[in-house]
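Working through the structure, step by step
As a plain string of letters, each chain reads:
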Amino acid sequence: MKLGVVGLPNVGKSTLFNAITHAGAQAANFPFCTIEPNVGIVAVPDERLDKLASLYQSKKITPATIEFVDIAGLVKGASKGEGLGNKFLSHIREVDAIVHVVRCFEDENVIHVNNVVDPIGDIETINLELILADMETIQKRYDKAFSMIKTGDKKYKEEADLLKRILDTLQAEKPVRSIEFNEEEKKYVDGLFLITDKPVIYAANISENDMGKEIEEIPYALKVKEFADNENSEVLVISAKTEEEISQLDPEEQVLFLEDLGLTESGLNRLVKASYKLLGLISYLTSGEPETRAWTIKNGTKAPQAAGKIHSDFEKGFIRAEVVEWTTLLECGSYVKAKELGKVRSEGKEYVMKDGDVVLFRFNV
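This structure is a prediction, so every number in the text was calculated from the model and none was measured.

In terms of regular secondary structure, the chain is built from 14 helices and 12 strands. Here the chain, with 365 residues, has 47% of them falling under the buried criterion. In the chain, the proportion of contacts linking residues at least 24 apart, taken out of those at least 6 apart, comes to 68%. Per element, the accessible surface of the chain, about 18500 Å² overall, is 49% carbon and sulfur.

Below, the structure written as structure tokens:
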């Protein structure tokens, strides 16, 4: 679960990263100040853990986590190695999804790399560089597959046809994620590690003065939303500067600060939750006196594979999963009481795990 935080220089990318991770990535008013990717592990906010830990008097709480990677600012020509382009592209290929920070604020004290605030132009600059990088990858694969068609093996013809479809889409300046693939094609494309195949959240970075406003009241952010809607991507309105200030406060002060802004939770919490959802992830929970913990799995994972997240022996020797929904467990007041009331279900190998399941796995090795 690795997310790359990207954006043109001076859009607030490193400021947002500082707020996300407290990692102290240098934020300065000039391009390329972030040269190596900074990495931070962030807990996925989950109120269920505290409540279950209180019920069980757990000594330890372990939340699910997401890894954020702050990747060096990109400029036009990055796909050809301009700026820190080659470094950028190699790092971004390794992430599962992209958080694309877009400048949606005016500030004469913060230089814009193109000397004008233009969120859609900024998005298109980065997207084009990513498309060009993918085109280079696909062209090489296509040329190789096409040259093998003469062998008569139909698999090369099928591969070349698929690659040509991808190439045509990229040449039309559209990302690979805009193409619909069948299951077999998707498996092949996943193995290509294409940048524009990755899901995207556009983080519209607004000024502190625009905090608390509806998106329709913020023209730059509204443009980003319209763009994101058009390509079925997510958009999150956030003020990186404000989030950095909030992240430096004590939890109690954070609540008061957010209340003053008329907000129920920080933009960072919303970003982390949105990222988790974007990747199609859910959490099941285990709870006891030693530890209450959230375990990250893909939505659709069956019980034995979920058990394998804890230990491979749990999957190998899986017998059954004893499952209770977390709110039901809290209402019952204890696992024993929930079992007495018939609220704990015994599920087998075909059970598909659900978000919020509290599970006790039975296994034998």
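In this section: the packing of helix 5 (residues 154–171) against helix 6 (residues 183–190). Across the interface, helix 5 lies against helix 6 with an axial gap of 12 Å and an inter-helix angle of 75°. Here helix 6 runs roughly perpendicular to helix 5, going by the angle between their axes. Touching E159, L162, L163, R165 and I166 of helix 5 are E185, Y188 and V189, all from helix 6. Grouping the constituent residues of the contact of helix 5 with helix 6 by class yields five nonpolar, no polar and three charged.

Once that is clear, we can look at a negative patch on the surface. Together, D153, E158, E183 and E184 make up a negatively charged patch on the protein surface. Mapped onto the elements, D153 comes out in the loop between helix 4 (119–147) and helix 5.

Tracing the backbone through its elements, the reader meets D357 in strand 12 (residues 357–363). At 2.8 Å, the side chain of D357 forms a polar contact with the side chain of Y351. Sequence-distant contacts of D357, defined by excluding residues within four places in its chain, comprise Y284, L285, V323, V324, R345 and Y351.

Between helix 1 (residues 13–21) and helix 8 (residues 240–247), whose axes approach to 8 Å, the crossing angle comes to 25°. Looking at the two axes, helix 1 sits roughly parallel to helix 8. The hand of the helix 1/helix 8 crossing is left-handed. Every residue of helix 8 that contacts helix 1 at T15, L16, N18 and A19 is listed here: A240, K241, E243, E244 and S247. Of the residues assigned to the contact of helix 1 with helix 8, the class counts are three nonpolar, three polar and three charged.

With that settled, consider the pattern of salt bridges. Going through the model one piece at a time under the given rule, you end up with 24 salt bridges. With a closest N to O distance of 2.8 Å, E185 and R165 form a salt bridge. Here R165 lies in helix 5 and E185 lies in helix 6, a separation of 20 residues in the sequence. In this structure R165 comes out as partly exposed when scored by relative accessible area, which is 32%. K241 is the partner of E208 in a salt bridge, and the nearest nitrogen-oxygen pair spans 3.9 Å. Note that E208 is positioned in the loop between strand 6 (200–205) and helix 7 (219–230) and K241 in helix 8, a separation of 33 residues in sequence. In the salt-bridge network here, residues are joined through shared partners; they are R320, E322, K339 and R362.

What follows concerns the sheet that holds strand 1 (residues 2–6). One open sheet holds the six strands; their spatial order is 2-4-1-5-6-7, and the pairing between them is mixed. Pairing within the sheet leaves two strands with one partner each, and these edge strands are strand 2 (38–43) and strand 7 (234–238). Between one strand axis and the next, the sheet turns through 25° on average, direction left out of account. Across the face of the sheet, helix 4 comes into contact with strand 5 (97–103) and strand 6 while running at roughly 145° to strand 5.

Attention now goes to the confidence of the model for the chain. Averaged over all residues, the pLDDT of the chain equals 87, while 89% of them reach at least 70. pLDDT under 50 marks residues 23–35. Its contacts with residues more than four places away, or in other chains, come to 35 contacts.

For the rest of this paragraph, the subject is the pairing of strand 9 (residues 292–298). Most of strand 9 sits inside the fold, with five of its seven residues counted as buried. Here strand 3 (residues 61–62) pairs with strand 9 via two bridges, running parallel. From the neighbouring strand, T62 faces strand 9, where its bridge partner is R293. Alignment of strand 8 (residues 281–287) against strand 9, held across seven bridges, turns out to be antiparallel. Note that in strand 9 the partner of S287 across the bridge is T292. The loop that links strand 8 with its antiparallel partner strand 9 comprises four residues.

Let's shift gears to unusual backbone geometry. Glycine aside, negative phi is the norm for most residues, and most peptide bonds take the trans geometry. Not every positive phi belongs to a glycine, and N10 is a case in point at roughly 65°. Here N10 is to be found in the loop between strand 1 and helix 1. By relative accessible area, N10 is classed as buried at 12%. Positive phi values are uncommon outside glycine, yet N232 reaches one of about 55°.

Moving on: the environment of V235. Mapped onto the secondary structure, V235 falls in strand 7. When near neighbours in sequence (up to four residues on either side) are disregarded, V235 contacts Y202, V224, K225 and A228.

The next point concerns the nonpolar core. Counting residues in each nonpolar core, the largest one holds 65 residues, and the members touching the most others are L16, F68, I92, I98 and L271. Those residues in contact with I98 that lie beyond four places of it in its chain are G4, V6, I92, L130, I195, K198, P199, V200 and I201.

Reading the values: the criteria
Residues numbered from 1 in each chain as written. Predicted model: local features only at pLDDT ≥ 70, side-chain atom pairs only at ≥ 80, totals over all residues. Heavy atoms only, no water. Helix = DSSP H or I, 4+ residues; strand = E, 2+ residues; numbered from the N terminus. Buried < 20%, exposed > 50% of the residue type's maximum accessible area, 1.4 Å probe, protein only. Contact = heavy atoms within 4.5 Å. Areas by Shrake-Rupley, 256 points an atom, 1.4 Å probe, with all protein chains shown as cover. Axes fitted to C-alpha atoms, helices over the stretch in contact; angles between N-to-C directions. Parallel < 35°, antiparallel > 145°, perpendicular 65-115°, else oblique. Nonpolar A, V, L, I, M, F, W, Y, C, P; charged D, E, K, R; others polar. Patch = residues over 30% accessible without salt bridge, like charges linked within 9 Å, V, L, I, M, F, W, Y side chains within 5 Å. Salt bridge = Lys/Arg side-chain N within 4 Å of Asp/Glu carboxyl O. Lys, Arg positive; Asp, Glu negative; His and termini not counted. Charge placed at Lys NZ, Arg CZ, Asp CG, Glu CD. Polar contact = N/O pair within 3.5 Å; in protein donor to acceptor, adjacent residues only side chain to side chain. Left-handed = near helix turned anticlockwise from the far one by under 90°. Pairing = 2+ DSSP bridges. pLDDT = per-residue confidence, 0-100. Core = buried A, V, L, I, M, F, W, Y, C linked by side-chain atoms within 4.5 Å.

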